[in-house]
Amino acid sequence: LLLAGAPAALAAPPVVWEDIRSAEGSLRRGDFVIADGDCAYRVMADPIAMGNLLRHVKKVDVHAMEGGFQDVSIHESFFLVGRVESRYHRQVNGVDRLEWRLIAGRQQRHDGFWQVKTRPQGGATVVFENLIKAKYRIHQGLLRRIQERTMNDIVSAVLERCGGSSPRPAKESLPSHAGPS
């Protein structure tokens, strides 16, 4: 899906995903091209806009926003897990990078970043990295499947909102989330 009037050169290959597992957890990194990099940054850097865009997010509580610091709780709903509340400290630089670190939740770790890099030929490349680790090893496989599905959904939603092509589907995916889209 290209924005009206956008040059054909912005047509992008699917998202390139990389998955790495280690003692630190499951790291998933994706990169993709998008027509409007400013939009891709704004929609993820603003916690309320992000919550309104993403179908698995049911509610966002903003506890503090001071300069580039954000303290937010995100209430999400996942198949097989139900509702989950996680609290994050987020850093936004106001231009092209968002970082987050889990400070409270059902996972041991959920940290990552969203980086938008302008391309000389137009559009931008987004690099999206997410490191997760379950509190209990037995839950790591389910958490990885949720991570894969959710990251695909986030990228799809941002591509739809900000212009680009759809990512390829996950290799293995969970049934659709319950609730409104």
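Note that the structure is a prediction, hence the values are computed from the model and not measured.

1. A look at the side chain of Q107
Here comes step 1: Following the sequence through the fold, Q107 ends up in strand β7 (residues 107-118).
Here comes step 2: Excluding its chain neighbours within four sequence positions, the residues that come into contact with Q107 are L102, I132, K133, K135 and L143.

2. Section: the layout of surface pockets
Picture a little ball the size of a water molecule; that probe, rolled over the atoms, points out where space is still empty.
Here comes step 1: Space inside the largest pocket adds up to approximately 630 Å³.
Here comes step 2: In terms of lining residues, the largest pocket is bounded by 31 residues, among which E76, F78, Q107, H110 and L143 are the most central.
Here comes step 3: The set of elements that each furnish at least two residues to the lining of the largest pocket consists of β4 (69-78), β5 (82-92), β6 (97-104), β7, β8 (124-134) and α3 (140-162).
Here comes step 4: Top element by residues in the lining of the largest pocket is α3. It accounts for six residues.
Here comes step 5: Partitioning the lining of the largest pocket into residue classes produces 20 nonpolar, seven polar and four charged.

3. Considerations on the state of the cysteines
By definition, a disulfide links the sulfur atoms of two cysteines through a covalent bond.
Here comes step 1: Applying the stated criterion across every chain, the model contains one disulfide.
Here comes step 2: Between C39 and C162 runs a disulfide, and the two sulfur atoms are separated by 2.1 Å. In this structure the cystine formed by C39 and C162 twists about its S-S bond by roughly -65 degrees; its chirality is therefore left-handed. Here C162 lies in helix α3 and C39 lies in helix α1 (residues 37-45), a separation of 123 residues in the sequence. For the pair C39 and C162, one class covers both residues: buried.

4. Quick word on the pairing of β6
It is a general feature of regular strands that their side chains alternate between the two faces of the sheet.
Here comes step 1: Pairing geometry for β5 and β6, over six bridges, is antiparallel. Bridging across to β6, Y88 finds its partner in L102.
Here comes step 2: The hairpin turn running from β5 into β6, its antiparallel successor, is four residues long, and G94 in that turn takes a positive phi close to 80 degrees.
Here comes step 3: Turn length for the β6-β7 hairpin, with the two strands adjacent in sequence and antiparallel, is two residues.

5. Structural notes on the pairing of β4
Here comes step 1: Most of β4 sits out of view: nine of its 10 residues are buried.
Here comes step 2: Two strands pair when backbone bridges link them, and strand β3 (residues 57-66) and β4 are joined in this way by eight bridges, in the antiparallel orientation. Bridge pairing in β4 places K59 opposite H75.
Here comes step 3: Of the pairings in the sheet, the one linking β4 to β5 comprises 10 bridges and is antiparallel in character. What sits directly across from I74, in β5, is S86.
Here comes step 4: Connecting β4 to the next strand, β5, in antiparallel fashion are three residues, including L80 with a positive phi near 75 degrees.

Definitions and limits used
- Residues numbered from 1 in each chain as written.
- Predicted model: local features only at pLDDT ≥ 70, side-chain atom pairs only at ≥ 80, totals over all residues.
- Heavy atoms only, no water.
- Helix = DSSP H or I, 4+ residues; strand = E, 2+ residues; numbered from the N terminus.
- Contact = heavy atoms within 4.5 Å.
- 1 Å grid on protein atoms, 1.4 Å probe; cavity = no way out; pocket = protein on both sides within 12 Å on 5 of 7 lines; lining within 4 Å.
- Points joined across faces, edges and corners; volume = space filled by probe spheres on them.
- Nonpolar A, V, L, I, M, F, W, Y, C, P; charged D, E, K, R; others polar.
- Disulfide = S-S within 2.5 Å.
- Buried < 20%, exposed > 50% of the residue type's maximum accessible area, 1.4 Å probe, protein only.
- Pairing = 2+ DSSP bridges.

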